[in-house]
Amino acid sequence: MTDSKYFTTTKKGEIFELKAELNSDKKEKKKEAVKKVIASMTVGKDVSALFPDVVNCMQTDNLELKKLVYLYLMNYAKSQPDMAIMAVNTFVKDCEDPNPLIRALAVRTMGCIRVDKITEYLCEPLRKCLKDEDPYVRKTAAVCVAKLHDINAQLVEDQGFLDTLKDLISDSNPMVVANAVAALSEIAESHPSSNLLDLNPQSINKLLTALNECTEWGQIFILDCLANYTPKDDREAQSICERVTPRLSHANSAVVLSAVKVLMKFMEMLSKDLDYYGTLLKKLAPPLVTLLSAEPELQYVALRNINLIVQKRPEILKHEMKVFFVKYNDPIYVKLEKLDIMIRLASQANIAQVLAELKEYATEVDVDFVRKAVRAIGRCAIKVEQSAERCVSTLLDLIQTKVNYVVQEAIVVIKDIFRKYPNKYESVIATLCENLDSLDEPEARAAMIWIVGEYAERIDNADELLESFLEGFHDESTQVQLQLLTAIVKLFLKKPTETQELVQQVLSLATQDSDNPDLRDRGYIYWRLLSTDPVAAKEVVLAEKPLISEETDLIEPTLLDELICYIGTLASVYHKPPSAFVEGGRGVVHKSLPPRTTSSESTESPETAPAGAPPGEQLDVIPTQGDLLGDLLNLDLGPPVSGPPLATSSVQMGAVDLLGSGLDSLIGASNFVSPPAAAVPANLGAPMGSGLSDLFDLTSGVGTLSGSYVAPKAVWLPAMKAKGLEISGTFTRQVGSISMDLQLTNKALQVMTDFAIQFNRNSFGLAPAAPLQVHAPLSPNQTVEISLPLNTVGSVMKMEPLNNLQVAVKNNIDVFYFSTLYPLHILFVEDGKMDRQMFLATWKDIPNENEAQFQIRDCPLNAEAVSSRLQSSNIFTIAKRNVEGQDMLYQSLKLTNGIWVLAELRIQPGNPSFMLSLKCRAPEVSQHVYQAYETILKN
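Computed from a predicted structure; not experimentally measured.

Some thoughts on the nonpolar core
And step 1. Counting 214 residues, the largest nonpolar core has Tyr72, Val244 and Phe418 as the members making the most contacts within it.
And step 2. The residue makeup of this core includes at least three contributed by each of domain 1 (346–438) and domain 2 (441–543).
And step 3. If we skip the residues at most four places from it in the chain, Val244 touches Leu208, Leu211, Leu223, Leu226, Ala259, Val262 and Leu263.
And step 4. In terms of nonpolar packing, the next biggest core, distinct from the first, is built from 63 residues, Ala748, Ile856, Val866 and Val929 among them.

Brief notes about the sheet that holds strand E13 (residues 914–920)
And step 1. Taken together, the 5 strands give an open sheet; going across it, the order is E9-E13-E12-E11-E10, and neighbouring strands pair in antiparallel fashion. Unpaired on one side and paired on the other, strand E9 (851–856) and strand E10 (876–883) mark the two borders of the sheet. Recorded for the sheet is a direction-independent mean angle of 20° between the axes of neighbouring strands.
And step 2. The pairing of strand E12 (residues 900–907) with E13 spans 6 bridges and is antiparallel. Looking across to E13, one finds that Ala903 is bridged to Leu918.

Side note on the packing of aromatic side chains
And step 1. Counted by the stated rule, this structure contains 12 aromatic pairs.
And step 2. Residues Phe839 and Trp843 carry aromatic rings whose centres are separated by 5.9 Å and whose planes lie at 25° to one another, so their mutual orientation is stacked. Taken together, the residues Phe839 and Trp843, both in helix H35 (residues 836–845) and 4 residues apart, mark about one turn of the helix. There is no split in this pair, since Phe839 and Trp843 are both buried.

A few points about unusual backbone geometry
And step 1. A cis geometry characterises the amide bond from Glu800 onward to Pro801, with omega recorded as -5°.
And step 2. Structurally, Pro801 is set in the loop between strand E6 (783–791) and strand E7 (804–810).
And step 3. A positive phi angle, close to 65°, is found at Lys402, a residue other than glycine.
And step 4. The class of Lys402 is partly exposed, set by a relative accessible area of 49%.
And step 5. The phi torsion at Val735 lies on the positive side, around 45°, for a residue other than glycine.
And step 6. The class for Val735 is partly exposed, based on a relative accessible area of 27%.

Details of the pattern of salt bridges
And step 1. Taken as a whole and assessed by the stated rule, the structure comprises 35 salt bridges.
And step 2. Put simply, Arg445 and Glu476 hold a salt bridge, and the shortest N to O gap is 2.6 Å. In this pair, Arg445 sits in helix H25 (residues 442–454) while Glu476 sits in the loop between helix H26 (462–470) and helix H27 (478–494), placing the two residues 31 residues apart along the sequence. With respect to class, Arg445 is no different from Glu476; both count as buried.
And step 3. Between Lys798 and Glu924 there is a salt bridge, with the nearest N and O atoms lying 3.7 Å from each other. Here Glu924 lies in the loop between E13 and helix H37 (926–938) and Lys798 lies in the loop between E6 and E7, a separation of 126 residues in the sequence.

Conventions used here
The numbering scheme is per chain: residues are counted from 1 as the chain's sequence reads. Side-chain atom pairs in this predicted model are given and counted only at pLDDT of 80 or more, local residue features only at pLDDT of at least 70, and totals for whole chains, interfaces and linings cover all residues. Processing note: side-chain calculations cover all non-hydrogen atoms of the structure and skip hydrogens and water entirely. Think of a nonpolar core as a cluster: buried Ala, Val, Leu, Ile, Met, Phe, Trp, Tyr and Cys residues, connected wherever their side-chain atoms sit within 4.5 Å. Per-residue accessibility, obtained with a 1.4 Å probe over protein chains only, is compared with the maximum for each type, and a residue is labelled buried under 20%, exposed over 50%, and partly exposed between these values. As annotated, the domain borders come from an automatic or database domain assignment. Contacts are assigned to residue pairs with any non-hydrogen atoms lying within 4.5 Å of each other. Whether two strands pair depends on DSSP finding at least two bridges between them. Segments assigned H or I by DSSP are reported as helices when at least four residues long, segments assigned E as strands when at least two residues long, and all are numbered from the N terminus. Axis geometry follows a simple rule: fit a line to the C-alpha atoms, using only the stretch in contact for helices, then measure angles between N-to-C directions, giving values from 0 to 180 degrees. When the centres of two rings from Phe, Tyr and Trp lie within 6.5 Å, Trp using its six-membered ring, the rings pair. Their planes under 30 degrees apart give stacked, over 60 give edge-to-face, and anything left gives tilted. Here a salt bridge means any side-chain nitrogen of Lys or Arg lying within 4 Å of a carboxyl oxygen belonging to Asp or Glu.

Treat this as a map of the structure, not an account of what it does.
What follows is the structure, given as structure tokens:
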């Protein structure tokens with residue numbers, strides 16, 4: 001028998017059978033057949049061959065059958081666009097069906113068929129459905145517009161659907177409003193520049209009315225939309241908060257978090273003195289606590305959000321510490337989050353409770369949790385000073401348990417406690433040393449080595465202890481090797497006679513036998529320091545260390561403000577802005593909290609609003625002093641960075657080593673494009689009092705173009721310290737540009753060339769805006785005058801004193817270093833005149849402890865002369881009053897980094913002594929502003 005039998009069969013196959021059933025006259029059989037088709041489609045079989053037969057089944061009154069056919073259609077329309085057009089007629093008919101459910105079903109399916117050819121046929125049916133008398137159809141059509149916009153944005157705009165959507169926000173049915181808001185928000189997200197959701201008090205009122213009657217998802221859409229609105233003043237913010245507050249008691253946790261987001265955002269605009277502000281704080285705590293009784297996954301999301309809220313406003317939950325105590329059956333991820341929040345809420349009032357809890361946790365069985373609990377005890381000691389002693393004794397008790405991982409974590413946190421409270425708890429070192437042999441984790445070993453090195457003079461056998469670590473030096477991790485190197489150098493500087501061999505051994509291991517570049521570099525630096533200048537080595541290595549700060553893991557303030565705007569979303573769980581994890585073409589908009597304002601100043605422009613930034617932010621303008629080892633020795637002498645980008649034609653020069661000889665290209669680069677001088681501010685010369693004809697109307701002009709006071713040149717670098725090069729100089733500010741006016745004199749016997757200059761990091765980011773141009777070689781006994789333009793976009797580091805500037809100058813002979821103090825008034829900007837309402841509000845807003853008072857003696861000027869002289873240096877008089885024979889001048893100035901300083905100057909006619917009161921959010925600048933006043937008024 002041949003093989004043909006395999007090709008002859010009576011069975012026609014599954015598809016053939018389904019085709020026959022679909023064309024059956026019996027309705028029930030038809031429905032069963034469509035169900036079989038959908039089932040095959042769901043499990044991944046290709047049933048696209050049945051497309052025409054399934055589409056024929058659309059002509060039916062049976063809603064169930066229609067739904068099934070539409071489901072099939074959505075799936076295969078993309079692969080069979082030509083066939084799908086056959087169904088368009090039925091859609092158009094269904095959109096006019098008397099049954100609203102069928103009308104809605106048709107419009108919903110139309111939105112899901114993502115085929116360009118079909119979309120133009122859908123516009124008419126969609127337009128009718130958007131104006132349908134049944135709200136169910138309208139709400140479905142609203143979402144369809146967003147889907148259609150995703151397929152063909154231009155078509156939606158041309159057809160005017162967006163305007164129809166905006167009209168739906170005023171619909172009488174709350175669900176239609178919610179869907180319209182959701183659709184517009186979705187469209188606005190993909191087009192951040194378009195102002196689709198043009199919210200105003202009237203539309204906000206409509207949204208708030210709809211909020212009470214929506215389904216829970218509708219409420220979330222509306223609340224998210226409200227969160228993107230910025231009220232015009234604090235009254236409007238308060239009124240919105242009052243109407244959103246009832247949502248806090250909703251059963252759905254997503255609604256609660258969305259309401260919390262709106263309230264957290266608008267609270268920023270409310271004054272803390274308002275009674276309502278206190279009431280709102282009290283109302284926010286219970287719903288957040290309630291979220292913690294949900295299932296663990298929800299608890300985790302709630303805890304991640306609470307973590308952000310506690311960092312922004314700890315006062316909301318300060319009395320709720322107990323709800324964050326860990327339950328025995330909490331999953332580990334919930335336990336760790338609760339621990340984090342407990343530490344953030346720890347204060348003097350509740351520290352006893354917290355410590356008792358943490359000590360209990362440290363005896364648990366879950367290793368990760370125990371480790372975090374031990375760390376938490378250390379963080380409490382650092383945060384609440386009064387509890388430090390109890391924390392240390394608790395840690396010692398834990399060390400006595402001899403549980404390996406507990407001991408190791410305890411040693412790591414005790415090191416931090418020593419750094420926060422030096423010379424206070426060193427009596428415990430002996431106990432720590434007993435556990436030296438049991439340490440096997442790099443972090444614990446490194447911490448122990450640091451303790452031994454730091455307190456070597458108090459430990460009799462410190463050299464033996466460190467030597468024991470040295471035996472397996474190459475097997476240690478980098479962290480331990482670096483710490484060991486530093487500790488032995490410290491020990492040598494404290495006990496030089498006994499440890500010479502030890503220090504030579506470790507330096508040789510670090511430099512000659514190691515292939516780790518960090519370790520080798522540190523070894524060579526120590527070697528050179530010790531061999532050339534032991535006194536300097538002592539000053540560097542044994543320098544007094546800054547105390548560590550309380551909270552090292554706080555989220556940076558601007559990021560925190562952005563994350564508060566994303567409460568209840570994935571960003572608040574990741575603690576990252578959406579731009580960090582959302583990919584694709586959608587523009588992610590950076591959100592920020594609204595500025596704190598009061599009703600009277602709501603018309604202020606944002607530029608003049610110093611109270612705009614949250615109070616915490618101004619204080620961070622000058623970062624704290626970092627490690628000064630990386631100072632002028634590693635300056636990078638590439639071309640300085642200026643504000644605007646340099647023209648593309650300019651040569652891109654690489655970084656040049658300060659100690660090398662590669663500066664020729666930098667100095668000789670004639671095609672280096674220096675940035676343009678700063679343009680004159682637009683408000684210069686504009687009448688100052690324009691419409692105010694009252695006591696605030698002062699003189700008729702702002703800041704004359706003569707520029708601010710310039711001090712005479714002083715010698716900054718004497719010739720004897722710079723191999724014959726003498727540098728004198730001063731600083732000037734004219735028409736918004738700062739410059740350093742230098743005078744270079746060659747007192748040596750040889751010609752000087754190849755000059756370059758570089759600044760170290762400083763408090764206000766002063767940096768050269770162009771290279772130091774000395775066009776001809778400087779011959780012996782020749783002097784040259786140069787004006788070096790400066791900008792304030794350099795690296796920032798808080799200096800001591802604040803106005804200290806460290807400078808490196810290089811020529812063909814050597815590199816020379818000097819430091820000078822710049823007068824602060826060169827940083828007073830031309831737009832430092834504050835509006836009077838803003839002045840009053842800001843003066844009240846800045847705490848009284850930030851006010852500093854000074855006396856200016858021997859100044860015979862009258863109030864008018866004082867005002868005009870200060871104005872030429874950008875200190876602007878906002879108001880003048882006469883109180884009991886005294887002239888009171890109210891003044892403002894603004895520094896280049898945005899810090900505002902407000903002043904009150906009292907002048908008694910005939911008395912040459914003035915009283916100056918200064919208020920500022922960064923009080924450390926007040927002393928230097930006072931010196932600027934003295935300098936300007938007396939010269």
